[in-house]
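Residue-level listing of the chains:
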Amino acid sequence: MSFATECAENMETLYGNMFGNMFYYAHKGGKDAEKIRKAEDAYASMWMDDEEELVLVYDATIFGSADEGVALSTKRVFYKNDITGLSLSFGYDEISDVRGDFERVILQMKDGSEMYIAEGYRDEARVCLRFAIQYMKSTIESKPFLDEWEQDLKEVLFEEQVPEAEDVSQEALAAPAE
């Protein structure tokens, strides 16, 4: 199984209910494979190297041509927007943080700059793209994103209960161990 297929399967398993049918995955055939190929031809292939594969695509077109949107590969994020004329590529190793606001996904770059993608996309698409980019970035960097996220969520939502120490009599403490 290729790394791209493994990542696509993992994302679909983890986020499939949240992502719904907004994304097209590398491990699926049919329409998904067609969208992956179209996005690669339209805006990703110019930056891809021989070992790189697309993992998933978000098709931002109205009629489904997949010639603009966001594509995630095993090495980088691709973005194309015909309205603004932008066609961009960012390596995961160039991105320090991924966040969003009410209009776009914001990639905080390690050089201190910010890059805006997914402007004008549906709210749920922007949220899902943030998760997908964070997943790929952390997977590429071998960081346990989900473990960290789950732990942060537990700390925020639940106060972890620390069991109280049992009352131990002074005699028990003074008794020699057998």
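Keep in mind that what you see is a predicted model, and the values were worked out from it rather than measured.

Participant: Quick question: what am I supposed to make of the overall build of the protein chain here?
Facilitator: Each helix and strand in the protein chain was counted, giving 5 helices and 8 strands. Listed by position from the N terminus, the elements making up the protein chain come as α-β-α-β-β-β-β-β-β-β-α-α-α. Counting over 178 residues, the protein chain shows a buried share of 40%. Taking contacts inside the protein chain between residues at least 6 apart in sequence as the whole, the part at least 24 apart equals 47%.

Participant: Help me understand the packing of helix α1 (residues 3-19) against helix α3 (residues 123-140), please; the structure alone is not making it clear to me.
Facilitator: Helices that pack against each other are described as a pair by the angle of their axes relative to one another and the distance between those axes. Close contact between α1 and α3 brings their axes to 11 Å; oriented N to C, the two are set at 145 degrees. As α1 runs across α3, the sense of the crossing is right-handed. Here α1 contributes F3, C7, N10, M11, L14, Y15, M18 and F19 to the contact with α3, which in turn contributes C128, F131, A132, Y135, M136, T139 and I140. For the contact of α1 with α3, the residue count by class is 13 nonpolar, 2 polar and no charged.

Participant: What's the story with helix α2 (residues 30-44) in this structure? I'm lost.
Facilitator: Note that an α-helix has 3.6 residues per turn; residues three or four places apart therefore point the same way. Across its 15 residues, α2 extends 20 Å between first and last C-alpha, which sits within 8% of the 21 Å expected from 1.5 Å per residue. Restricting attention to buried positions, one finds in α2 the residues D32, K35, I36, A39, Y43 and A44. For α2, the arc enclosing every buried residue in end-on projection is 100 degrees, short of the 170-degree limit, so these residues lie on one face. Facing away from the buried side of α2 by more than 90 degrees, the exposed set consists of G30 and D41. Buried residues in α2 make contact with β1 (23-25), β2 (54-59), β3 (69-73), β4 (76-81) and β5 (86-91).

Participant: So what exactly am I meant to see when it comes to unusual backbone geometry here?
Facilitator: The bulk of non-glycine residues show a negative phi, and the bulk of peptide bonds are trans. Even without being glycine, A66 reaches a positive phi, approximately 60 degrees. With respect to the helices and strands, A66 occurs in the loop between β2 and β3. Positioned with a positive phi, A118 is a non-glycine residue whose angle comes to about 60 degrees. Relative to the assigned elements, A118 resides in the loop between β8 (114-117) and α3.

Participant: When you look at the packing of aromatic side chains in this model, what are you seeing that I'm missing?
Facilitator: The way to describe two aromatic rings as a pair is by their centre distance and the angle between their planes. This structure, assessed with the given rule, holds 7 aromatic pairs. With a centroid separation of 6.4 Å and 85 degrees between ring planes, the pair formed by Y15 and Y135 is classed as edge-to-face. Here the residue Y15 occupies a position in helix α1, and Y135 occupies one in helix α3, the gap between them amounting to 120 residues. What links up through ring pairs into an aromatic cluster is the set Y15, F19, F23, Y58, Y121, F131 and Y135. A cation over a ring is seen here: R104 above Y116, with NZ or CZ 4.2 Å from the ring centre.

Criteria and cut-off values
Residues numbered from 1 in each chain as written. Predicted model: local features only at pLDDT ≥ 70, side-chain atom pairs only at ≥ 80, totals over all residues. Heavy atoms only, no water. Helix = DSSP H or I, 4+ residues; strand = E, 2+ residues; numbered from the N terminus. Buried < 20%, exposed > 50% of the residue type's maximum accessible area, 1.4 Å probe, protein only. Contact = heavy atoms within 4.5 Å. Axes fitted to C-alpha atoms, helices over the stretch in contact; angles between N-to-C directions. Left-handed = near helix turned anticlockwise from the far one by under 90°. Nonpolar A, V, L, I, M, F, W, Y, C, P; charged D, E, K, R; others polar. Expected span 1.5 Å × (residues − 1). Arc of directions from axis to C-beta. Phe/Tyr/Trp six-rings, centres within 6.5 Å; stacked < 30°, edge-to-face > 60°. Lys NZ or Arg CZ within 6 Å of the ring centre and 35° of its normal.

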